[in-house]
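The primary structure of each chain is shown beneath.
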Amino acid sequence: MTKGRIFSGMQPSGRFHLGNYLGALENWVKLQNEYECFFSIVDLHALTSAFENTSKIPENIHNMALDWLSAGLDPEKNVIFVQSKVKEHAELHLLLSMMTPLSWLERVPTYKDKLQQLGEQGKDINTYGFLGYPELMTADIILYKAEYVPVGEDQIPHLELSREIVRRFNNLYQPVFPEPQAQLSKSSLLPGIDGRKMSKSYGNEIPFAASPEELRERVRLIVTDPNRIKKTDVGNPDVCVAYKFHKIFNKENVNEICKCCKQAEIGCVECKKRLAEKMVDVMTDMHTRRAEYEANPARVKEILAYGAERARKVAAKTMEEVREAMHL
Ligand code: SF4
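Counting restarts for each chain: residues are numbered from 1 in the order of the written sequence. Residues qualify for local features only when their pLDDT is at least 70, as the model is predicted, and side-chain atom pairs are given and counted only at 80 or more; totals for whole chains, interfaces and linings, by contrast, use all residues.

Novice: Now, about the overall build of the protein: what can you tell me, with residues and values included?
Specialist: Secondary structure elements follow DSSP: runs of H or I no shorter than four residues count as helices, runs of E no shorter than two count as strands, and numbering proceeds from the N terminus. A tally of helices and strands in the protein yields 15 helices and 5 strands. Across its three principal directions, the C-alpha atoms of the protein cover 80 × 45 × 40 Å. Counting other C-beta atoms within 10 Å of a residue's C-beta gives its exposure: the residue is buried at 20 or more, exposed at 12 or fewer, and partly exposed in between, where C-beta atoms are placed from the backbone. For the protein, the residues scored as buried account for 32% of the 328 residues in total. In this description, any two residues whose backbone-derived C-beta atoms lie within 7 Å of each other are considered to be in contact. Excluding contacts between residues fewer than 6 apart, the proportion of contacts in the protein whose partners are at least 24 apart in sequence is 78%.

As structure tokens, this is what we get:
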């Protein structure tokens with residue numbers, strides 16, 4: 001017996017990094033055992049920024065599916081699919097857009113921030129799709145009558161808007177949709193190897209798809225206590241980026257590392273080697289699954305097609321209710 005239904009999605013906008021994994025995917029893998037989950041690669045959302053060049057989208061979708069499956073999402077337990085393969089997303093988005101006041105969309109904080117950013121960059125790309133992003137997100141969630149949406153703090157205003165749209169629909173027509181609830185995910189915040197936020201634009205990321213060798217190489221480059229020059233200098237783990245990684249990936253040995261660092265009983269090279277081996281160990285199953293799926297791209301396609309078929313059944317049923325409620 002599951003606790004309820006969840007919907008969540010991610011934009012296929014390039015390779016995943018370890019920070020992305022810890023920020024959301026790790027949580028999804030846990031949720032799949034307790035909830036009925038619909039996980040969608042939301043390629044229509046990716047068009048808000050990639051509409052000028054869409055040629056990379058299929059490759060990005062495949063890579064994202066690989067990341068999800070490697071992380072341990074089970075295609076039988078979850079409905080894993082590509083958003084654009086279920087046309088009802090676009091239909092419900094259109095219908096919702098007819099009844100949502102423009103001011104509701106304009107007040108969403110991420111819209112205002114993005115507008116400001118674009119202005120600073122001298123760009124005036126301000127399309128309807130960009131403004132209507134939360135509307136499409138609402139359609140994604142309620143098409144499956146999802147009761148919960150795993151979100152970070154920054155997405156709460158979006159979900160509040162979804163709940164308002166649902167209330168408006170249910171009041172105007174018939175109570176077709178449940179109001180989706182936010183399920184705040186507590187994720188570990190992993191910095192980049194230079195200590196700033198992990199981001200591909202800073203070049204400080206560790207790719208989620210990194211092989212054990214690449215992983216070791218990236219860990220070797222992690223910034224440590226800048227005041228520790230020689231192995232005999234005592235270190236300060238609180239200012240060391242590698243130590244932050246130990247706290248996440250090497251919890252059982254973190255106290256020992258802290259003590260050895262403060263007493264200069266371990267050098268940074270050795271300390272990072274231990275970290276790298278621990279990370280390789282933690283990710284062994286993921287590396288194995290990735291290798292299997294990489295060797296069999298047809299299987300990945302099959303999984304996405306199977307997911308889309310299951311999603312379409314639920315979506316079609318919801319749209320029947322929506323059309324009836326709206327006399328269409
Ligand atoms: Fe960081 Fe480890 Fe070096 Fe201490 S010994 S500064 S924790 S890498």
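Novice: Outline the site of the ligand, listing residues and values.
Specialist: The local shell around the ligand holds 14 residues, among which G235, C240, C261, C268 and C271 are the closest. Counting residues per element, the ones that place at least two in the shell around the ligand are α11 (241–249), α12 (254–262) and α13 (268–282). The element contributing the most residues to the shell around the ligand is α13, with 3 residues. Grouping the amino acids of the shell around the ligand by side-chain chemistry returns 9 nonpolar, 2 polar and 3 charged. Any residue qualifies as near a molecule or strand once its backbone-derived C-beta atom lies within 6 Å of it. When residue character is reported, Ala, Val, Leu, Ile, Met, Phe, Trp, Tyr, Cys and Pro are called nonpolar, Asp, Glu, Lys and Arg charged, and the others, Gly included, polar.

Novice: I'd like a rundown of the domain arrangement of the protein, residues and numbers included.
Specialist: Where interface size is quoted, it is often the accessible area lost as the parts come together. Once the domains are mapped, the protein shows domain 1 (5–190 + 297–325) and domain 2 (210–285). A C-alpha centroid distance of 37 Å is found between domain 1 and domain 2. Domain delimitation follows an automatic or database domain assignment.

Novice: Before we move on, could you go through the nonpolar core and cite the residues and values that matter?
Specialist: Judged by nonpolar contacts, the single largest core of 72 residues is most densely connected at I6, F38, A65, W68, A146 and L275. Considering each element in turn, this core owes the most residues, 7 residues, to helix α3 (residues 57–71). There are two domains that each give this core at least three residues, and those are domain 1 (5–190 + 297–325) and domain 2 (210–285). To form a nonpolar core, buried Ala, Val, Leu, Ile, Met, Phe, Trp, Tyr and Cys residues must be joined through C-beta atoms within 7 Å.

Novice: Hey, could you go over unusual backbone geometry for me, with residue numbers and the actual values?
Specialist: For K145, which is not glycine, the phi torsion reads 50° and is therefore positive. Looking at where K145 falls in the secondary structure, it is placed in the loop between α8 (133–142) and β4 (148–151). A positive phi angle, close to 55°, is found at A264, a residue other than glycine. As for its placement among the helices and strands, A264 is situated in the loop between α12 and α13.

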